[in-house]
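Structural overview
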Amino acid sequence: MSTPLSLRRLAMPLLVAVIAPSVLPAQEVQVGTWVGRVDKEMLVTIRGGGASMRNIGGQALPGGRFRVTSPLPQQDGTVRIAVESGRGNVSIVQQPTAQNGYAAVLRIVDDADGADLYRVTTYWTPANVGYGNRRGGFGGRGRGRGAYANGPTMHWSGDVDGDVELRWRGANVTQRVLSGNMTRATNSSISGDVGQWQNQTSQVAVNMRQGRGRVEVVQQPNAGNRWTAIIRISDPQPGYGHYEIDALLQ
């Protein structure tokens, strides 16, 4: 017995409603919350379902604790932070990649006298989510350069022999050689809405497409530094190494 045309038309939207959610991409997940007291500076390394702390300066304090919500996945992605308490500056200086064993590193700097209590929640987004049509996604190995949906992006390339800092503020990128020789054949471009810089929740994530050394964000933009992000390129090997990096303001 054939189904009336009117019933078939009613059934089609129901079929779409059942199928559509299964093809939606994965979204951001909460990794966990770190709570601890910091005096001067501390590095918090998150890997899998645990975290380790390293005190850089100031008074040695009892170790903080990391409450895991979901283990940090063993795949490329972008970690962002939400600072719920603490008077200093908290930034992400290393994003998880295969090269570093999928470890994220948080840097907490407390310049005031004495120690303060910090509570920082971390979130992770897969590399292929929310970044437009760029092949490989942010943090991947694709060579495409598409539009990013989350915010402005900066692409920089050049030859480095030593340590170099890139200062990204709004629509401008400047560079400063910390050690070694002057950079060569540099090129930079910025796309997206640079008006998003003055967003107190913004975080910069960086991905090294090509390079033999280390690239990390050493300063996140905030009102105190006039919304300036600093990205450091460290090339420890003799001679020049070629680097191509992408940075994304989320």
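For the structure given in this document, a descriptive report is provided here. Per-chain numbering applies: the sequence of each chain, read as written, is numbered from 1 onward. In keeping with the predicted nature of the model, local features appear solely for residues at pLDDT of at least 70, side-chain atom pairs appear and are counted solely at 80 or more, and the whole-chain, interface and lining totals rest on all residues. Values reported for side chains reflect all heavy atoms of the structure, with hydrogen atoms and water molecules removed beforehand.

**Details of unusual backbone geometry**
A positive phi is found at Arg226, a non-glycine position, where the angle reads about 60°. Looking at where Arg226 falls in the secondary structure, it is placed in the loop between β12 (214-219) and β13 (229-234). Take Arg226: its relative accessible area is 54%, and that puts it in the exposed class. In this model, Trp227 sits at a positive phi of 55°, which is unusual for a non-glycine residue. Going along the chain from the N terminus, every DSSP run of H or I of four or more residues is numbered as a helix, and every run of E of two or more is numbered as a strand. Note on placement: Trp227 falls in the loop between β12 and β13. Residue exposure (1.4 Å probe, protein chains only): buried if accessible area is under 20% of the type maximum, exposed if over 50%, otherwise partly exposed.

**Side note on the sheet that holds strand β4 (residues 65-68)**
Taking strand neighbours across the sheet as the criterion, the four strands line up as β4-β1-β8-β5 in an open arrangement whose pairing is antiparallel. The open sheet has two edge strands, β4 and β5 (77-85), and neither has a second partner. On average, each strand axis in the sheet is inclined to that of its neighbour by 20°, with strand direction left out of account. Criterion used throughout: strands pair if DSSP finds at least two bridges between them. Both strand β1 (residues 29-38) and β4 contribute to a ladder of four bridges, which runs antiparallel. Within the sheet, the bridge partner assigned to Thr33 lies in β4 and is Arg67. Inter-axis angles, ranging from 0 to 180 degrees, are taken between N-to-C directions of lines fitted to C-alpha atoms, where helices are fitted over the stretch in contact.

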